[in-house]
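# Observations on the model geometry
So the chains spell out like this:
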Amino acid sequence: MRRLRWGGTWLVTVFAVVGALVVGAVLIAVGDARTRDAATYFFSYPWDTFTEAGYAVRDAYAALLQGALFNPALSGTAALGPISETLVNATPLILTGLAVALAFRVGLFNIGAQGQIILGAVVAAYVGFAWDLPAGLHLLVALLGGVLGGTLWGGLVGWLKARTGAHEVITTIMLNYVAVNLLTFLLGLQGFQRPPYGQAISEAVAPSARLPLLLGPSLRVHLGLLVALAAAVGVWWLFTRSTLGFRLRAVGANPDAARTAGMAVGRLQVVAMAAAGGLAGLAGASQVLGVTGSVTGSVAGTVGFDAITVALLGRNNPYGVVAAGLLFGGMRAGSVQMQSATGVPVDLVGVLQALVVLFIAAPALVRAVFRLKPGGARAVGSELSAGWTR
Amino acid sequence: MSAPTSPAAVPDAVVVHARVEPTAGLRRRVVTGLLLVAVGLVTVLGWGLGSGPGDATFRFGGGAAIRLPDLTVPGTATPVLLGAVVLALGAFQLVRGFRLRRTPVVVGVTLACFVVAFLAWAMSGRAGGSIDVVQLLQSTVFLATPLVLGALAGVLGERSGVVNVAIEGQMLTGAFAGALVATLAGSLGAGVVGAVLAGAAVGWLLAVFALRYQVNQVILGVVLNAAALGFTGWAYKALMQADTERFNSPGVLQPLPIPLLSDLPVVGPLLFSANVVVYLMYVLVVALQVVLFRTRWGLRTRAVGEHPKAAATVGIPVLRVRYVNVVVAGGMAGLAGAYLSIGTIGPFTENMSAGKGFIALAAVIFGRWSPKGAVAASLLFGFFAALQTLVGILPTPAAVPSSFLAMLPYLATILAVAGFVGRVRAPAASGEVYP
């Protein structure tokens, strides 16, 4: 039975990716100037349109792969460049994906990862440039500072939910904007902004607080990746091996039953949101201490929202999140190569990502399109309460 | 007069001497009262005693043919006085407690006092400081229009029981389609229609996935937003940037001043010299308020949103009502998008909705799921955005970080959903899967 369900889930995932790539291929063909030119004489030489479209799609997806995995044109250390970029992109996605997935498992929808990342990045950067500590300790304290920033920002949401019933979707969205404005304020503040105060960028993090690079100075992959993998193991342990995790899952499965069984549902929701915020804050810290070395207005990018798709694709399992983070990180890394080599905009990857999740969220649709047997995969997000009221 | 002869006698009329109205519970009364007192103290101490030497002049220009005279008030006494009013409200709330029914009035008066006091303070930095109130309100309407349309879309969807987090995506798609269609067809009117249809198409996607495939609606909204952002970004770079002339030069909808009405002081330049999208918005606000609360369709919509099973029992086609409402709502959000592109600057730019859909969502909740409330909330948010740009150019006595002004609407929304500003209740079946 368990194996059957797994088969269904995997099939739906694979077909969702295939379906997204097919739609993406159509977009590539439409956006390709040569294909559009060929389409103007479609009725005299219809085959030309299809060959041109085929070339465009082949080139674009080949560049995507080369940018994400392996580029035969490169040699030596540079050959590892694409992989390194994939891992660099995947690190914050995995950490934030875990943040979203953890909240999902407790029945909470954490759209606020964006704000939690910003808070984590701000605190980590501040500890990184303002405090003076010995090398190893400095990094540890800066990372913990990032966790603390995110924890407070996420915990506030949980507290509001538990105390007043304020729906977390609304409060997290609002706190995202508050965080963005807070960041704008800080980036114009003396003592945080980098002299000579012309640009909106923070002071640079001291070298003693930077995450060490894993594969030498020419590749950007850093220790944050291992932190992310450790965090995934930690979340897995929490949910499968600990009493707290059992309680959290119970609240996610049925809060009323959990309350009847004597669990403090409100307190567990606060714990869940605080932990989720901590993970997202860690992602912000890892970006600042590992990649950028300082905070700018775009420190969080779109990671907070991409992470929702990562969590959904990973079906809220820690190992699924790692896999989904690697997939989307690879697509992000490859899209840069794709744009520079073939001119297909990086935004295509955003469409692919959304489509994959859309198809996965509607297993009934995928089954209908690919004529799969019914049963098996459950819709993602079914553990969430649907409306605003509960 | 004699006493009733039998216990079964029925009195001729019931005389109501006093109606007992509920006031807030003690705990909430104290919390909100203290909140009011805090606002009053900020007004008196911050804006009043911290003011500069100048007077504050409120002008009422805005380019109308008939003008009102300027209003000059002392820069220190005004905030102190207004702060005293707020303090009095707070004291009354602490001692006696306002009736719950009065909450909107109290909140409104407090907010008005606070803002006017703040403006007087902001102008008092040096002598002769003045602002044009009509201009401020004009930019309020300008900034609020997409929010109002987006919020109406949210209200319509949620009243029928479908949570629409995809307002942002519908707006963005509408803005894109508006610019594209207007350029291709060479007609701005076609652009508006195209934007509405594009928004409705995204609404239709939302409806199909939410109602037929029963995807969790909040997740669905987030995913549709991501898809819209990716798709328009891709199309912008692949088509519009490559050939701006052919795909992205639509022109701008020109204002259509209404004769006579546009010459009135204050309201003329404010309300009656706008472009067609704004006039459509007026119509939609009134129409939605009437349709939702005065027509059969509105009753059905609300029934479906509150208790779909009961609605189905009396023969209302639940899913059809929801489909229609969600698609129409998508069209409204698409119209908001048209305002962003061809209604304001013309060409489409990447991610030009920039989170306005989420603010509209906040306005839906802040406005307690009613069209009237959504309009009020949108105007409030628009006002704060307008204020934020204005404060940058005023000679304020001390620097106000505009980031904090920008935070206020979001903090206010958090306070609202946390129940500090009256109880907020969503349509009961909003977001739930049916059947």
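Residues numbered from 1 in each chain as written. Chains lettered and ligands numbered in written order. Predicted model: local features only at pLDDT ≥ 70, side-chain atom pairs only at ≥ 80, totals over all residues.

## Some words on the overall build of chain B
So the rule is basically this: Under the DSSP-based scheme used, a helix requires at least four consecutive residues in state H or I and a strand at least two consecutive residues in state E, with every element numbered from the N terminus. The burial criterion counts other C-beta atoms lying within 10 Å of a residue's C-beta, which is placed from the backbone; the residue is buried at 20 or more, exposed at 12 or fewer, and partly exposed between these limits.
In terms of regular secondary structure, chain B is built from 16 helices and 3 strands. Across the 435 residues in chain B, those meeting the buried criterion constitute 51%.

## Some remarks on the interface of chain A and chain B
To keep things clear, this is the line we draw: Each residue is represented by a C-beta atom placed from its backbone, and any two residues with such atoms within 7 Å are regarded as in contact. Gly is placed with the polar residues, together with every amino acid not listed as nonpolar (Ala, Val, Leu, Ile, Met, Phe, Trp, Tyr, Cys and Pro) or charged (Asp, Glu, Lys and Arg).
Taken together, the contact pairs 46 residues of chain A with 44 residues of chain B. Secondary structure elements with two or more residues in the side of chain A that touches chain B: α1 (2-31), α6 (135-164), α7 (168-186), α12 (303-313), α14 (347-361) and α15 (363-370) of chain A. Here the side of chain A that touches chain B takes 11 residues from α7(A), the largest share from any one element. Along the lines of polarity and charge, the residues of the side of chain A that touches chain B split into 32 nonpolar, 13 polar and 1 charged.

## Digging into the domain arrangement of chain A
Residue and element names in this part refer to chain A. Rules: Start and end points for every domain follow an automatic or database-based domain assignment.
In terms of domain boundaries, chain A breaks down into domain 1 (1-68 + 344-384) and domain 2 (88-329). Of note, the centres of domain 1 and domain 2, computed from C-alpha atoms alone, are 31 Å apart. Contact residues are listed per partner, giving 10 residues for domain 1 and 11 residues for domain 2. Class assignment for the residues of the side of domain 1 that touches domain 2 results in 7 nonpolar, 2 polar and 1 charged.

## Quick look at helix α11 (residues 265-292) of chain A
Residue and element names in this part refer to chain A. The criterion, for reference: The length a helix should cover is 1.5 Å for every residue beyond the first.
For α11, with 28 residues, the first-to-last C-alpha span of 39 Å sits near the 40 Å given by 1.5 Å per residue. In terms of burial, α11 is a largely internal element, 23 of the 28 residues being buried. Of the residues flanking the end of α11, it is G293, one or two places downstream, whose phi is positive at about 75 degrees.

## Side note on the sheet that holds strand β2 (residues 71-73) of chain B
All names here are of chain B. Let me state the cut-off plainly: Any two strands with at least two DSSP bridges between them are considered paired. To obtain an axis, a line is fitted to C-alpha atoms, over the contacting stretch when the element is a helix, and the angle between two such axes runs from 0 to 180 degrees between their N-to-C directions.
Strand order in the open sheet formed by 3 strands is β2-β1-β3, and the pairing between neighbours is mixed. Each edge of the open sheet is held by one strand with a lone partner, namely β2 and β3 (130-132). When the angles between neighbouring strand axes are averaged without regard to direction, this sheet yields 20 degrees. Relative to β3, strand β1 (residues 56-59) is paired through 3 bridges, and the arrangement is parallel. Directly across from R59, in β3, lies its bridge partner D132. Set on the sheet, helix α3 (residues 103-123) makes contact with β1, β2 and β3; between it and β1 the angle comes to about 115 degrees.

## Quick notes on the packing of helix α4 (residues 81-105) of chain A against α11(A)
Residues and elements named next belong to chain A. For the record, the criterion: In this scheme, roughly parallel covers angles under 35 degrees and roughly antiparallel covers those over 145, while 65 to 115 is roughly perpendicular and the rest are oblique.
For the pair α4 and α11, interaxial distance at closest approach is 7 Å and the crossing angle is 170 degrees. Relative to α11, the element α4 lies roughly antiparallel. Across the interface between the two elements, V88, T91, P92, L95, T96, L98, A99, L102 and A103 from α4 touch A272, M273, A275, A276, L279, A280, L282, A283, S286, Q287 and V291 from α11. Residue composition of the contact of α4 with α11, grouped by class: 16 nonpolar, 4 polar and no charged.

## Regarding the domain arrangement of chain B
Entries for chain B in the domain assignment read domain 1 (26-128) and domain 2 (134-393). Here domain 1 of chain B and domain 2 of chain B have C-alpha centroids that lie 33 Å from each other.

## Concerning helix α9 (residues 243-253) of chain A
All names here are of chain A. The following threshold applies: The directions from the helix axis to the C-beta atoms are what the arc is built from.
Along α9, the residues classified as buried are R247, L248, V251 and G252. Axial view of α9: buried residues confined to an arc of 140 degrees, hence all on one face. Here the buried face of α9 lies against α4, α10 (255-260) and α11.

## As for the environment of G382(B)
Residue and element names in this part refer to chain B. Among the structural elements, G382 can be located in helix α15 (residues 371-391). Note: C-alpha distance between G382 and T140 (242 residues apart in sequence) is 4.8 Å. Beyond its immediate chain neighbours, meaning those up to four positions away, G382 contacts T140, V141, L143, A144 and L147.

## Some details on the packing of helix α10 (residues 276-294) of chain B against helix α13 (residues 318-345) of chain B
All names here are of chain B. Here is the rule: The handedness criterion is simple: a crossing whose near helix is rotated anticlockwise from the far helix by less than a right angle is left-handed, and one whose near helix is rotated clockwise is right-handed.
Where α10 contacts α13, the two axes come as close as 10 Å, and the packing angle between them is 160 degrees. For the element pair α10 / α13, the angle class is roughly antiparallel. Here α10 runs over α13; the crossing is left-handed. Residues V277, L280 and L284 of α10 touch α13, and the partners they reach there are M332, L335, A338, Y339 and G343. Grouping the constituent residues of the contact of α10 with α13 by class yields 7 nonpolar, 1 polar and no charged.

## What about the confidence of the model for chain B?
Residues and elements named next belong to chain B. Spelled out, the test is: One confidence number per residue, pLDDT, is output by the predictor and ranges from 0 to 100.
Looking at chain B as a whole, the pLDDT averages 83, with 89% of positions reaching at least 70. Contacts for the low-pLDDT stretch residues 1-5, under 50 throughout, to residues beyond four places or in other chains number 1 contact. Predicted as a complex, the structure gets a pTM of 0.86 and an ipTM equal to 0.85.

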